Amino acid sequence: MLSERSIPVTIIAGFLGAGKTSLLNHILHGQHSKRIAVLVNDFGSINIDAELVVDVEEDLISLANGCICCSIRNDLQLTLVRLARLPNPPEHIVIETSGVSDPAAVAQVFYDPDLWRVVNLDAIVTLVDAEQTAVLTNDLAQLAETQVKAADLLVLNKVDLVDADQLQNARAWLQKIRPGAPVFEVTHGCVPLEVLFSPEITLPRPKPANLNPHLHEVNAENDHDHAHALVFDTWSYSQATPLRMAQLQTVINSLPTSIYRVKGFLYLADQPASKIVLQMVGRRVAVSDSGAWVDEPQTRLVFISQHETVNYSAIEIALNRCRIESNV
């Protein structure tokens, strides 16, 4: 059983030139408070400004914003364990795969029970070059499709370089290969960190009736003229009455595909003494027991979705129907 304290890991995949390095630089240079470790095969491709570097130790670079850039020339499993055992371990780990590798094969390392206590696979994120989808053929096309099939979240990158017809063709290509997976359209690999990493769950949490979705927008550092603004909605749900797991599973399984992430704590009638952690990335759902409640039992969930695509009032009604006193 996964612990709430195990470190979530995101695998970044994508064909050569899809924009993985741009995304990693975006993470390492981001203005955030998270301690994020980025694992790459070689430091050379990562643009790390000298003023960000605060310490260098063998194959590990510590940065001023709390990030760690680490080389994985050796065994990946040993590197993950080493990071988890640091005095100040990262809160999230990102692994960049090779442009010609199958991310599902990399994910197999997380099947090892020895890792379950320290790290857990949070998501596989595959970047796709919007221009490339129409020109890849034969073995290259098959490899790109394999990378897309493994994804929990898809990032369609460089959408500013294609016209409307090309963009629609790229969307259709992704939908055909990986139906149901959320697709996030970006330029320069600038995926909002709220989409890549689990949202924070904090107290106190207002009642749902007092909550409105909050619009987020991320702009490039140099204010590029982006054809597609990076916007998404977040919505929070809280409920002090226990929920029935069977009904809750039905709601979770029927959520719109435009919801990128759901994270939170569940107060379940089936297991009322335990604080259950729910994490959903794309269509990947994980539920784990984090132990006994130390605060007041309460279901608290945070949703992140594509802007103006989700009827959260309907989702609130559906979640409320999972309460134990509900006869609907």
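Residues numbered from 1 in each chain as written. Predicted model: local features only at pLDDT ≥ 70, side-chain atom pairs only at ≥ 80, totals over all residues. Heavy atoms only, no water.

Tallying secondary structure elements over the protein gives 8 helices and 15 strands in all. With 328 residues in all, the protein has 54% of them scored as buried. A separation threshold of at least 6 residues defines the contact pool for the protein, and within that pool the share at least 24 residues apart is 74%. Carbon and sulfur atoms make up 48% of the accessible area of the protein, which totals about 15,500 Å². (Helix = DSSP H or I, 4+ residues; strand = E, 2+ residues; numbered from the N terminus. Buried < 20%, exposed > 50% of the residue type's maximum accessible area, 1.4 Å probe, protein only. Contact = heavy atoms within 4.5 Å. Areas by Shrake-Rupley, 256 points an atom, 1.4 Å probe, with all protein chains shown as cover.)

With that out of the way, let us pick up unusual backbone geometry. For residues other than glycine, phi is negative in most cases, and the peptide bonds are mostly trans. Although it is not a glycine, N138 adopts a positive phi angle of roughly 50°. Turning to its location among the elements, N138 is positioned in helix 4 (residues 138-149). A relative accessible area of 66% means that N138 is categorised as exposed. The backbone phi angle of K158 is positive, close to 60°, even though this residue is not glycine. Locating K158 in the fold gives a position in the loop between strand 8 (153-157) and helix 5 (164-177).

Here we take up the pairing of strand 14 (residues 284-292). Where strand 13 (residues 274-281) and strand 14 come together, 7 bridges link them in antiparallel fashion. Within the sheet, the bridge partner assigned to I276 lies in strand 14 and is D289. If you look at the hairpin formed by strand 13 and strand 14, you'll find 2 residues sitting between the two strands, and G282 has a positive phi there, around 60°. (Pairing = 2+ DSSP bridges.)

Attention now goes to the pattern of salt bridges. This structure, assessed with the given rule, holds 6 salt bridges. Among the salt bridges present, the one from D129 reaches K158, with a minimum N-O distance of 3.2 Å. With a gap of 29 residues between them, D129 in strand 7 (residues 119-129) and K158 in the loop between strand 8 and helix 5 connect regions that are remote in the sequence. Among the residues examined, K158 registers a relative accessible area of 23% and is labelled partly exposed. The salt bridge involving K275 is made with D295; its shortest N-O contact spans 3.9 Å. (Salt bridge = Lys/Arg side-chain N within 4 Å of Asp/Glu carboxyl O.)

Turning our attention to the side chain of S274. As for its position among the elements, S274 is in strand 13. Among the polar contacts made by the side chain of S274, one reaches the side chain of D289 at a distance of 3.2 Å. Leaving out residues up to four positions away in the same chain, S274 has contacts with L266, D289, G291 and W293. (Polar contact = N/O pair within 3.5 Å; in protein donor to acceptor, adjacent residues only side chain to side chain.)

In this model, the protein carries an average pLDDT of 80, and 80% of its residues clear a pLDDT of 70 or more. Mean pLDDT across the elements of the protein bottoms out in strand 10 (residues 214-218) (38) and peaks in helix 8 (residues 312-320) (96). Per-residue pLDDT stays below 50 along residues 202-230; that stretch engages in 52 contacts with residues further than four places along the chain or on separate chains. (pLDDT = per-residue confidence, 0-100.)

The geometry of an aromatic ring pair comes down to the distance between the two centres and the angle between the two planes. Using the criterion set out here, one finds 6 aromatic pairs in the structure. Look at Y267 and W293: their rings are 6.0 Å apart centre to centre, the planes differ by 80°, and that puts the pair in the edge-to-face class. Of this pair, Y267 sits in the loop between strand 12 (259-266) and strand 13 while W293 sits in the loop between strand 14 and strand 15 (299-306), placing them 26 residues apart in sequence. Overall, the relative accessible area of 15% leaves Y267 in the buried class. A residue is classified by how much of its surface remains accessible, and W293, at 13% relative accessible area, is buried. A centroid spacing of 5.9 Å and a plane angle of 70° characterise the contact between F303 and Y312, whose relative ring orientation is edge-to-face. The class for F303 is buried, based on a relative accessible area of 1%. (Phe/Tyr/Trp six-rings, centres within 6.5 Å; stacked < 30°, edge-to-face > 60°.)

Interaxial distance between helix 4 and helix 5 falls to 9 Å at its minimum, and their mutual angle equals 70°. Viewed along their axes, helix 4 and helix 5 adopt a mutual orientation that is roughly perpendicular. Between helix 4 and helix 5 lies a crossing whose hand is right-handed. Only W173, L174 and I177 of helix 5 make contact with helix 4, whose side of the interface consists of A144, E145, V148 and K149. In terms of residue class, the contact of helix 4 with helix 5 is built from 5 nonpolar, no polar and 2 charged. (Axes fitted to C-alpha atoms, helices over the stretch in contact; angles between N-to-C directions. Parallel < 35°, antiparallel > 145°, perpendicular 65-115°, else oblique. Left-handed = near helix turned anticlockwise from the far one by under 90°. Nonpolar A, V, L, I, M, F, W, Y, C, P; charged D, E, K, R; others polar.)

With that out of the way, let us pick up the environment of S98. Positionally, S98 belongs in the loop between strand 6 (92-96) and helix 3 (103-107). Residue S98 is classed as partly exposed on the basis of its relative accessible area of 30%. Along the backbone, S98 and I12 are 86 residues apart, and their C-alpha atoms lie at a distance of 9.2 Å. S98 has contacts with G14, K20 and Q147, leaving out every residue within four places of it along the chain.

Across the 5 residues of strand 2 (residues 36-40), 5 count as buried, placing the element largely inside the fold. Of the two faces of strand 2, the one holding I36, V38 and V40 and the one holding A37 and L39 are both buried throughout. The pairing of strand 2 with strand 6 spans 4 bridges and is parallel. Looking across to strand 6, one finds that L39 is bridged to I95. As paired strands, strand 2 and strand 5 (residues 68-71) are joined by 4 bridges and run parallel to one another. Each residue of the ladder has a partner; that of V40, found in strand 5, is S71.

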